[in-house]
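# Topology and contacts: notes
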Amino acid sequence: MENQQAEDFKRELGLLDGTMLVVGSMIGSGIFIVSSDIARQVGSAGWLTLIWVISGLITVIAAVSYGELSAMFPKAGGQYVYLKEAYGKLIAFLYGWSFFTVIQTGTIAAVGVAFSKFAAYLYEPFSDENVLFQAGTFHLNAAQIVSIITIIFLTYLNSRGVKNSKVLQTVLTIIKILSLLGLIVFGFLLAAKAEVWNANWTDAWTPKSYLKDSGSWLPISGMALITGISAAMVGSLFSSDAWNGVTFIAGEIKNPKRNVGLSLFLGTLIVSVIYVLANLMYLAVVPLGEIATAKSDRVAVVASQYIFGNIGTLIIAIMIMISTFACNNGLIMAGARVYYTMAKDGLFFKKAAVLNVHSVPAWALWAQCLWASALCLTGKYGDLLDFVIIIVLIFYILTIYGIFILRQKMPDAERPYRAFGYPILPAFYIVVASALSIALLLTKTDTCGWGVLIMLIGIPVYYLTKPKVT
């Protein structure tokens, strides 16, 4: 029974479940925090809003482009499978390698830590300031322990079958959407002030950079503006990432040729609209200067205090705990399916290709859990997230370019769905994402350079392990 094989994945997820997985994986803690950093980088209401609109637009374009690939290859592994079909095993391995070492596990670690930081609002000893053990430069704090416990718990839940984690994901994500919409509506009804809105939209298109040392604003243009926009978009793109998780679990989705692509479109559209509305609410409630200088970047806490008074902090803490918990459940569920598919191709540990009695790749789940927990302990997840975005963008660009390659390579293949707006929209995404990647490499070389290096280390790893596994 332990050695059930790939065909034993159970198709138990419908369109609602797929859409909720996309939404749940996308909305973590970012929308509650990163607008503060964006405001410091670009310093105006117009640019802040535009950055969220552009991020949403290119995310939806990417998602509808993936629809063609998900309909062509409706099986577990998603993006890894698309890259293998378009480019061969090396590029697919580099994606899987980056995915395991940094992308998925680093994100799980960071989301876990965001959960525990806000749990400390409810129970102070959970704080990252509560250091439990110290040896040299290594510090073990309560927040790290709490985040590891949540990762272990969600991994255990996912190892017991897709049904339990599906119910948790759908229920928590619906609560998450309703609470975010509630925050937006209450913000506009209870706390929006015409003078705040008007002041924020005065000089709305004059970009400025916030100087922390002097607490003043410096007008920016040219290269400084490009640097500011690049830095600002890291946050908004991160908040809009992980939408592709539903492609990894295509083997468990009913009617995947239709539902995977539709889940991608609906999920990314819902999140993008909510994100833009949330930022318009912030601008109606909180003066721009306070958005930029919010304590620990917690702009949603500031907005919530304007809306609900002192209890606002508690409301946001509970919302972020629900949000990050559901986010990590989706990330953990989806990630293991990539290692499973890699193992089937002989590019990952063989045990990762085994499904347990509950028809899920339990070994892959626990391997992911172990490494994500280790990343929680390093205390370096902030850096990890900073340079993970460059790898994510590179592979999104390659995957969407793969649509053009596969149209040439497999002209007669069945395409139940064709990329919307092909070739213009996919090409537009490639141009925008490439420009952003180049700008990031030029302006944030220290962090993005490490991201590219980790990816490239995968090349010798591939050739060193290839004879043993093929």
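Note that the coordinates shown come from a computational prediction; the quantities given were computed from them, not determined experimentally. (Residues numbered from 1 in each chain as written. Predicted model: local features only at pLDDT ≥ 70, side-chain atom pairs only at ≥ 80, totals over all residues. Heavy atoms only, no water.)

## What about the confidence of the model for the protein?
Keep in mind that low pLDDT regions are not for reading the predicted coordinates in detail. Mean pLDDT over the protein stands at 90; residues scoring 70 or higher make up 96%. In the model of the protein, helix α19 (residues 445-469) stands out as the element of lowest mean pLDDT, 83, in contrast to helix α9 (residues 194-200), which has the highest, 96. Taken as a whole, residues 1-6 scores under 50 in pLDDT and shows 19 contacts with residues more than four places along the chain or in a different chain. (pLDDT = per-residue confidence, 0-100. Helix = DSSP H or I, 4+ residues; strand = E, 2+ residues; numbered from the N terminus. Contact = heavy atoms within 4.5 Å.)

## Here we look at the side chain of Lys176
Along the chain, Lys176 falls in helix α8 (residues 162-191). Buried and without a salt bridge, Lys176 has Asp241 as its closest oppositely charged side chain, separated by 14 Å. In terms of polar contacts, Lys176 uses its side chain to reach the backbone carbonyl oxygen of Ile27, at 2.5 Å. Those residues within four positions of Lys176 in sequence are excluded, and the remaining contacts are Val23, Gly24, Ile27, Ser323, Ala326 and Cys327. (Buried < 20%, exposed > 50% of the residue type's maximum accessible area, 1.4 Å probe, protein only. Lys, Arg positive; Asp, Glu negative; His and termini not counted. Salt bridge = Lys/Arg side-chain N within 4 Å of Asp/Glu carboxyl O. Polar contact = N/O pair within 3.5 Å; in protein donor to acceptor, adjacent residues only side chain to side chain.)

## Re the packing of helix α4 (residues 45-72) against helix α18 (residues 424-443)
Packing of α4 against α18 leaves a shortest axis separation of 9 Å and a crossing angle of 130°. In terms of orientation, α4 lies oblique with respect to α18. α4 and α18 meet at a crossing whose hand is left-handed. Only Leu425, Pro426, Phe428, Tyr429 and Val432 of α18 make contact with α4, whose side of the interface consists of Leu57, Ile58, Ile61, Ala62 and Ser65. Classifying every residue of the contact of α4 with α18 gives nine nonpolar, one polar and no charged. (Axes fitted to C-alpha atoms, helices over the stretch in contact; angles between N-to-C directions. Parallel < 35°, antiparallel > 145°, perpendicular 65-115°, else oblique. Left-handed = near helix turned anticlockwise from the far one by under 90°. Nonpolar A, V, L, I, M, F, W, Y, C, P; charged D, E, K, R; others polar.)

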